[in-house]
Amino acid sequence: ATMPPIDVLMVGAGEYTTGCVFTEAGAAPDKPAGVVAISFADMRRRGLVGEMVLCDAVGTRMPAVRETMQRKIGDVYKDMDLTMTTLPADDVPFDANAYKEAIKLMKKGSVVTIFTPDDTHFAIAMACLEAGLHVLCAKPVVKKLEDHLSLAAAAKKHGVLCAVEYHKRFDPIYADARDRIKRELGSFSFFASTMTQPKAQLDTFKGWAGKSSDISYYLNSHHMDVHAWSVRGASRPERVTAFAASGAANARLAPIDGREIEDTIVLMVEWRNKDGSRGVANYTASWIAPRADCHTQQYFHYMGHRGEIRADQAHRGYAMATDASGYASLNPLYMKYTPGADGGFAGQRGYGYRSIEAFLEAAAEVNEGDARVEDISRRDVLATIDTTARVTAMLEAGRVSLDNASRAVTIEYPNATDPNVVDFDAEPVGIRLE
């Protein structure tokens, strides 16, 4: 059955949405034309998306944003219609509440994407859910477990979808690793992930780095989700200790408000397994790497009692060198920006694209009455808000640990009536500094 087109609201007109960046380095090389607007424009071409609205806090940037999208999307690919309403007006220097006006333009059942600084997600997402809109939010969806649980309750109350945009779930290799972890590798023993980005990226984030968020929230969240998703129902995180390195980011950005911007953050997390055994995980994230063969160096190692898996998402055995740009490891499995033979956008199978398309499809199913929100959640493909609180709990616990001289933080779960029974499906309800 063909679904009627869905109207979309994009909140946040930055790099991930539009490819527009106001720094010398410009947009990151793995997403030169952004991800969200280009995907929605192509889905509009395919009849899946109707009206498009783009909202930011800074209206004076909107002419440059529209020009960037025209140059990077409209002029590059055939049949891309970028007609959209943009808010606030072009002469507005700053309006943090512009999203409230944008929400008024949307009918119930429309889809909203939120790619704004981390500390703004909660208020925007909550307003959208209360207006009956389906919300796909950048990771980390919120910084506090309490806010995560509030969004989950609101989504349930209003019968709308709310999910975190963890696109790694749609990477065919990561999805396969998850299925093998679940079926073949036995109880969880050890997980280690590393994700680093070049320090030039700090310039893009200088407005919020170390203030509204940190490198762990920004990058560790990805692999924490992959891990938690892979062992859900069989294992749960219970204790977090965090450590940080610092010096380089502060030297580069020289913040005048005295804030500390960590260079690298390591979270050590202790997990308990259903069979009584224990596991341990180390999630490492950094944004002071040098420029290298790819924008994001990233890999993980998972060990179970019956086997192990290693995945290097940065190197797919596919490299290119040019006179203009030198040597680069390529990953068109994420986003394919080179137009196809017919001159059109040809990246419909990229996992960056699929992550957004799958959410749109799920929203359409809910709108049409073909599925309920809990049905989508039970499929365990999208990172729905009711199944992802563990990652938020670990991230918040990590921040609390760092702010308290690396003391351990316990993740609390609902009290089972029988102390010997541990519910491995239950979401966490709180965190406590030891």
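See the structure printed just above.
Residues numbered from 1 in each chain as written. Predicted model: local features only at pLDDT ≥ 70, side-chain atom pairs only at ≥ 80, totals over all residues. Heavy atoms only, no water.

Draft legend 1. Structural view of the nonpolar core. Within the largest apolar cluster, 79 residues are counted, with the highest numbers of intra-cluster contacts made by Leu9, Trp271, Tyr283, Trp287, Phe300 and Met394. Looking at this core element by element, the count peaks at eight residues for helix 9 (residues 215-231). Counting 52 residues, the second-largest nonpolar core is a separate cluster that includes Val35, Phe40, Met62 and Val111. (Core = buried A, V, L, I, M, F, W, Y, C linked by side-chain atoms within 4.5 Å. Buried < 20%, exposed > 50% of the residue type's maximum accessible area, 1.4 Å probe, protein only. Helix = DSSP H or I, 4+ residues; strand = E, 2+ residues; numbered from the N terminus.)

Draft legend 2. Broad picture of the pattern of salt bridges. Here the structure, examined in full by the defined rule, presents 33 salt bridges. Arg178 is the partner of Asp380 in a salt bridge, and the nearest nitrogen-oxygen pair spans 2.5 Å. Here Asp380 is found in the loop between helix 12 (373-379) and strand 15 (383-384), whereas its partner Arg178 is found in helix 7 (residues 172-184), with 202 residues between them in sequence. Here Asp380 and Arg178 have matching classes, each one buried. (Salt bridge = Lys/Arg side-chain N within 4 Å of Asp/Glu carboxyl O.)

Draft legend 3. Quick look at the environment of Asn273. Among the secondary structure elements, Asn273 is positioned in strand 9 (residues 262-273). In this structure, the C-alpha to C-alpha distance between Asn273 and Thr194, residues 79 residues apart in sequence, is 23 Å. In contact with Asn273, not counting residues within four places along its chain, are Ser187, Phe188, Ala234, Ser235, Arg278, Gly279 and Phe424. (Contact = heavy atoms within 4.5 Å.)

Draft legend 4. Seen up close, the sheet that holds strand 16 (residues 409-412). Strand order in the open sheet formed by eight strands is 12-11-7-10-9-8-16-17, with mixed pairing between adjacent strands. At either margin of the open sheet sits one strand with a lone partner, and together these are strand 12 (307-312) and strand 17 (430-433). On average, each strand axis in the sheet is inclined to that of its neighbour by 15 degrees, with strand direction left out of account. Looking at chain direction, strand 8 (residues 235-246) and strand 16 are connected through two bridges and run antiparallel. Residue Arg239 lies in a different strand from strand 16, and its bridge partner there is Thr410. Helix 7 rests against strand 11 (297-304) and strand 12 of the sheet, and its axis sits at about 170 degrees to strand 12. Along the sheet, helix 9 contacts strand 7 (188-198), strand 8, strand 9, strand 10 (278-289) and strand 11; its crossing angle with strand 10, the most-contacted strand, is approximately 150 degrees. (Pairing = 2+ DSSP bridges. Axes fitted to C-alpha atoms, helices over the stretch in contact; angles between N-to-C directions.)

Interpretation note: all reported values are geometric properties and have no functional meaning in isolation.
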